[in-house]
Amino acid sequence: MTAARTARGRGAGRPTLEEVAARAGVGRGTVSRVINGSPRVSDETRAAVEAAVAELGYVPNRAARALAANRTDAIALVVPEPEARFFAEPYFSDIVRGVGAALADTEMQLLLTLVGGDRERRRLAQYLASHRVDGVLLVSVHADDPLPELLEQLGIPVVISGRRREDEPLASVDSDNYEGARAAVAHLVARGRRSIATITGPLDVYGARRRLDGYRAALAEAGLEELTAHGDFTEEGGRRAMTELLERAPHLDAVFAASDVMASGARRILREHGRRIPDDMALVGFDDSAIARHMDPPLTSVRQPIEEMGRAMAELLLTEITATEPARPSLVLPTELVVRASS
């Protein structure tokens, strides 16, 4: 215990902002500005306040600071998907990991919220309307989801993962879905494949539509015909789509699946039909998740920097929260084709 604390007495409790001000010979507001990092304080005054803080052992009251600044020091990570999908897809855990890394050195608390239906959406709307968070990270947004508009109406800073359309008005972080898909299909063409199908993601998701666009562009460049089956980013969706494709086109020699999870479902159907990978059928996925590395054979996949996307989302949101006027930037990160034995 310092001499200053001893002089105050052992029962005096935690030092106050007023005591720090008296010790430093300045006003309470000046102490507050120093503690909150305001540049509107001289170096001499800042040094005096910091010395008083150290001598008294003053610890700022975080809750009071947040209240004074009209802040909660909390942000919400909102995933409008059912719980089953959230825990089944590595994409979401990688996003959370990236967000957590970006917030590790801040005082922000992260609240994870899954919105699987209308009831959860109404509950979330009531929670956000009470301004209990400083901002929202919104992941996996569908075209008809009302949450982005709700957040705009409430004036809550928001960053979304994956644009809803080309001219997305909100701050967003996305990967280059178009170029990733185009490169994947061009790779299959270069390997001599001539009947190349795709299993799409849900087409109310802009990223899934862009992957379909990339698939189509690569086939057009090669003068090949399209063959499309619609999926939903789930393993079961991949199984259903692969079954449909084999019935429609038994001569297929390659499949580009718009996610690794769907590719794993497609692989199961191919094996049940006696199709060898890659001898009879080449298979490519998207995400380059742990699923791709652990499949047999290992899956060629388009790597999108998911953890980096999570970090970038959190960093953008922190900037939006403190900005006088929202900048609402749109960031698109590059993808990379990782070639493995499945193609």
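See above for the structure.
Peer 1: Looking at this structure, how should I read helix α4 (residues 43-56)?
Peer 2: One full turn of an α-helix is made of 3.6 residues, so residues set three or four places apart face in the same direction. End to end, α4 covers 20 Å across 14 residues, agreeing with the expected 20 Å (1.5 Å per residue, within 8%). Those residues of α4 that sit buried are V49, A52 and L56. The buried residues of α4 occupy one face: seen down the axis, they fall within an arc of 60 degrees. With respect to the buried face of α4, the exposed residues turned more than 90 degrees away are D43, E44 and A54. G57, located one to two residues past α4, shows a positive phi value of around 70 degrees.

Peer 1: Help me understand the packing of helix α12 (residues 235-248) against helix α13 (residues 260-272) in this model?
Peer 2: Describing two packed helices takes the angle between their axes plus the distance from one axis to the other. Contact geometry for α12 and α13: axes closest at 7 Å, N-to-C directions at 45 degrees. The angle between α12 and α13 falls in the class oblique. The crossing of α12 and α13 is right-handed. Along its contact with α12, which presents E235, G238, R239, M242, T243 and L246, the element α13 presents V261, M262, S264, G265, A266, R268, I269 and L270. Class assignment of the residues belonging to the contact of α12 with α13 gives a composition of seven nonpolar, four polar and three charged.

Peer 1: What is the right way to read the pairing of strand β9 (residues 282-287) from this model?
Peer 2: Two faces make up the sheet, and in a regular strand the side chains alternate between them. Most of β9 is tucked away: six of the six residues are buried. Looking at chain direction, strand β8 (residues 254-257) and β9 are connected through three bridges and run parallel. Counted as the bridge partner of V255 is L283 from β9. As for the winding sense of the linkage, the β-α-β connection from β8 through α13 to β9 is right-handed. Taken together, the four bridges between β9 and strand β10 (residues 300-303) define a ladder with parallel strand orientation. Residue F286 lies in a different strand from β10, and its bridge partner there is V302.

Peer 1: It is not clear to me how the sheet that holds β8 should be interpreted in this structure. Could you clarify?
Peer 2: For sheets, the rule is that strands pair by backbone hydrogen bonds, running either parallel or antiparallel. Taken together, the six strands give an open sheet; going across it, the order is β7-β6-β8-β9-β10-β12, and neighbouring strands pair in mixed fashion. Edge strands, defined here as strands with exactly one partner in the open sheet, are β7 (228-230) and β12 (336-338). The average angle at which neighbouring strand axes cross in this sheet is 20 degrees, direction not considered. Across the face of the sheet, helix α11 (residues 206-222) comes into contact with β6 (196-200), β7, β8 and β9 while running at roughly 170 degrees to β6. Strands in contact with α13 are β6, β8, β9 and β10; relative to β9, the strand with the most contacts, it is inclined by about 155 degrees.

Peer 1: Help me understand the sheet that holds strand β2 (residues 109-114) in this model?
Peer 2: Pairing is parallel across the open sheet formed by six strands, whose spatial order is β2-β1-β3-β4-β5-β11. In this open sheet, the two edge strands, each paired with only one partner strand, are β2 and β11 (330-333). Looking at each pair of strands side by side, their axes are set apart by 15 degrees on average, direction ignored. As paired strands, strand β5 (residues 171-175) and β11 are joined by four bridges and run parallel to one another. Looking at β11, one finds that S172 is bridged to S330.

Peer 1: Which parts of the structure should I look at to understand the packing of helix α7 (residues 90-103) against helix α15 (residues 306-322)?
Peer 2: Where α7 contacts α15, the axes come no closer than 7 Å and their chain directions differ by 45 degrees. On the basis of their axis angle, the class for α7 and α15 is oblique. Crossing of α7 against α15: the hand is right-handed. Facing Y91, D94, I95, R97, G98, V99, A101, A102 and L103 of α7, the residues of α15 in contact are I306, E307, M309, G310, R311, A314, E315 and L318. Class assignment for the residues of the contact of α7 with α15 results in 10 nonpolar, two polar and five charged.

Peer 1: Can you walk me through the pattern of salt bridges in this structure?
Peer 2: Note on pairing: side chains with opposite charge can pair once their charged atoms come close. Counted under the stated rule, the structure contains 30 salt bridges. Taking the shortest distance from any N to any O, the salt bridge between R97 and D94 comes out at 2.6 Å. Taken as a pair, R97 and D94 lie in helix α7 at a separation of three residues, close to a single helical turn. In the salt-bridge network here, residues are joined through shared partners; they are D232, E235, E236, R239 and R240.

Parameters at a glance
Residues numbered from 1 in each chain as written. Predicted model: local features only at pLDDT ≥ 70, side-chain atom pairs only at ≥ 80, totals over all residues. Heavy atoms only, no water. Helix = DSSP H or I, 4+ residues; strand = E, 2+ residues; numbered from the N terminus. Expected span 1.5 Å × (residues − 1). Buried < 20%, exposed > 50% of the residue type's maximum accessible area, 1.4 Å probe, protein only. Arc of directions from axis to C-beta. Axes fitted to C-alpha atoms, helices over the stretch in contact; angles between N-to-C directions. Parallel < 35°, antiparallel > 145°, perpendicular 65-115°, else oblique. Left-handed = near helix turned anticlockwise from the far one by under 90°. Contact = heavy atoms within 4.5 Å. Nonpolar A, V, L, I, M, F, W, Y, C, P; charged D, E, K, R; others polar. Pairing = 2+ DSSP bridges. Right-handed = clockwise from strand over helix to strand, strands pointing away. Salt bridge = Lys/Arg side-chain N within 4 Å of Asp/Glu carboxyl O.

Scope: geometric values only; no functional claims are made or implied.
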